[in-house]
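Architecture at a glance
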Amino acid sequence: MGAVTSIEEIVGSLESGMTIGIGGWGSRRKPMALVRAVCRSALTDLTIVSYGGPDVGLLCAAGKVRRVVAPFVTLDSIALEPHFRAARQRGAVEFTEYDEGMFMFGLLAAAHRLPFLPTRAGLGSDVMRVNPGLRTVRSPYGDGEELVAVPALTMDVALVHMDVADTRGNGRYLGPDPYMDDLFAKAAGRCFVSCDRMVEPGELGGPPQTLLVSRMHVAGVVETPDGAHFTDCGEGRDEAFQRHYAASAADPEAWAAFAERFLSGDEAAYRKAVKQWREEEGR
């Protein structure tokens, strides 16, 4: 059962070399407050498992990543995450690429503590060519069908962000899509939940199907108001700030200025800097 904790305690419990899963999808409902804290930490040599977005990009820019396991790394309205692209182009990070269906089956396998799950996803595609370590299995039944054996995406830790959570670690989403955050929570050895708003047990409200993450899979929960910024968390993505992020990533001097202004302090400093930027931009 999860316990109320802090950003600092969560990141302090992580170790270099870990495999860390990050929930959300592209530039949607990412636990960015926790990601920014990892960027400020001394952690290195991480393997990141993610339906990737700016979480992956920021960690690559900060030099924290050895390998990325993902079906894509995108900002959604901007097709390719610029820091991830730059890291790949200079050979700074390794990349294990699956298609979206294969990635989901890898999470499912890990969630159910299976070594792999069979799927048709990936057959006849270049995914098999770029991942020569993948194997196929043949159905033991009369059809004898050959299937891809997707290995379990096991993780040491998962980080996910919910709209609202209670002090025991139960997490509820309010947007249109649960993404795969429940699978990340089940597939990891430990899961930490950040949330925009924390309530007492029994106050989550809403229909039961929006209760996505169960306390039984959560090691700790922390309240991080607007903690998914600049990704979408129910009220829309901050497209203007995302464009500013992507434009800054294209130039080393501009990125240094961006990092100094927005990423050099703690989460309170980040929120203050974003508020000042919005006022300057007249937003």
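All of these numbers come straight from a predicted model, not from anything done at the bench.

Overview of the packing of aromatic side chains
- Overall, the coordinates contain 16 aromatic pairs when judged by the stated rule.
- Summarising the aromatic geometry, the rings of Phe 84 and Phe 95 are spaced 5.2 Å apart at their centres and angled 75° between planes, so their arrangement reads as edge-to-face. With Phe 84 in helix H4 (residues 82-89) and Phe 95 in strand S5 (residues 94-97), this residue pair connects regions lying eleven residues apart in the sequence.
- Where Phe 230 meets Tyr 245, the ring centres are 5.0 Å apart and the plane angle is 45°; that geometry is what we call tilted. Of this pair, Phe 230 sits in the loop between strand S13 (220-223) and helix H8 (239-249) while Tyr 245 is found in helix H8, placing the two residues 15 residues apart along the sequence.

Observations regarding helix H9 (residues 252-262)
- Taken together, the buried positions of H9 are Trp 255, Phe 258 and Phe 262. Down the axis of H9, the buried side of the element spans an arc of 60°, and every buried residue falls inside it. Exposed side of H9, more than 90 degrees from the buried face: Pro 252, Glu 253 and Glu 260 are the residues found there.
- Looking at the buried positions of H9, the neighbouring elements they touch are helix H3 (54-61), H4, H8 and helix H10 (267-281).

Some points on the sheet that holds strand S7 (residues 135-138)
- Taken in spatial order, the three strands make up an open sheet running S6-S8-S7, and their pairing is antiparallel. Of all strands in the sheet, those bounded by a partner on one side alone are strand S6 (116-119) and S7. Averaged over all pairs of adjacent strands, the angle between their axes in this sheet comes to 40°, without regard to strand direction.
- Across four bridges, the pairing between S6 and strand S8 (residues 146-151) is antiparallel. Bridge pairing in S8 places Pro 118 opposite Ala 149.
- Strands in contact with helix H5 (residues 100-111) are S6 and S8; relative to S6, the strand with the most contacts, it is inclined by about 145°.

Considerations on empty space enclosed by the protein
- Applying the stated criterion across every chain, the model contains one cavity of 30 Å³ or more.
- Empty space within the largest cavity amounts to approximately 40 Å³.
- Lining the largest cavity, in full, are Met 32, Arg 36, Leu 58, His 229, Phe 230, Phe 241, Tyr 245, Phe 258, Leu 263 and Tyr 270.
- Listing elements by their share of the lining of the largest cavity, those giving two or more residues are helix H2 (32-40) and H8.
- A class-by-class count of the residues in the lining of the largest cavity yields eight nonpolar, one polar and one charged.

Here we look at the packing of H2 against H3
- Running from N to C, H2 and H3 cross one another at 10°; their axes reach a closest spacing of 9 Å. Classified by the angle their axes make, H2 and H3 are roughly parallel. Here H2 contributes Met 32, Val 35, Arg 36, Val 38 and Cys 39 to the contact with H3, which in turn contributes Pro 54, Asp 55, Leu 58 and Leu 59.
- Taken together, the residues of the contact of H2 with H3 sort by class into seven nonpolar, no polar and two charged.

Quick look at the nonpolar core
- Counting residues in hydrophobic clusters, the biggest one holds 44 residues, and the most contacted among them are Ile 20, Ile 48, Cys 60, Val 68, Phe 241 and Phe 262.
- It is H2 that provides the largest number of residues to this core, a total of six residues.
- For Val 68, the residues in contact, after removing those within four places along its chain, are Ile 48, Val 56, Cys 60, Val 73, Phe 84, Glu 94, Phe 95 and Thr 96.
- In terms of nonpolar packing, the next biggest core, distinct from the first, is built from 40 residues, Phe 72, Ala 121, Val 148 and Ala 188 among them.

Calculation notes
- Residues numbered from 1 in each chain as written.
- Predicted model: local features only at pLDDT ≥ 70, side-chain atom pairs only at ≥ 80, totals over all residues.
- Heavy atoms only, no water.
- Phe/Tyr/Trp six-rings, centres within 6.5 Å; stacked < 30°, edge-to-face > 60°.
- Helix = DSSP H or I, 4+ residues; strand = E, 2+ residues; numbered from the N terminus.
- Buried < 20%, exposed > 50% of the residue type's maximum accessible area, 1.4 Å probe, protein only.
- Arc of directions from axis to C-beta.
- Contact = heavy atoms within 4.5 Å.
- Pairing = 2+ DSSP bridges.
- Axes fitted to C-alpha atoms, helices over the stretch in contact; angles between N-to-C directions.
- 1 Å grid on protein atoms, 1.4 Å probe; cavity = no way out; pocket = protein on both sides within 12 Å on 5 of 7 lines; lining within 4 Å.
- Points joined across faces, edges and corners; volume = space filled by probe spheres on them.
- Nonpolar A, V, L, I, M, F, W, Y, C, P; charged D, E, K, R; others polar.
- Parallel < 35°, antiparallel > 145°, perpendicular 65-115°, else oblique.
- Core = buried A, V, L, I, M, F, W, Y, C linked by side-chain atoms within 4.5 Å.

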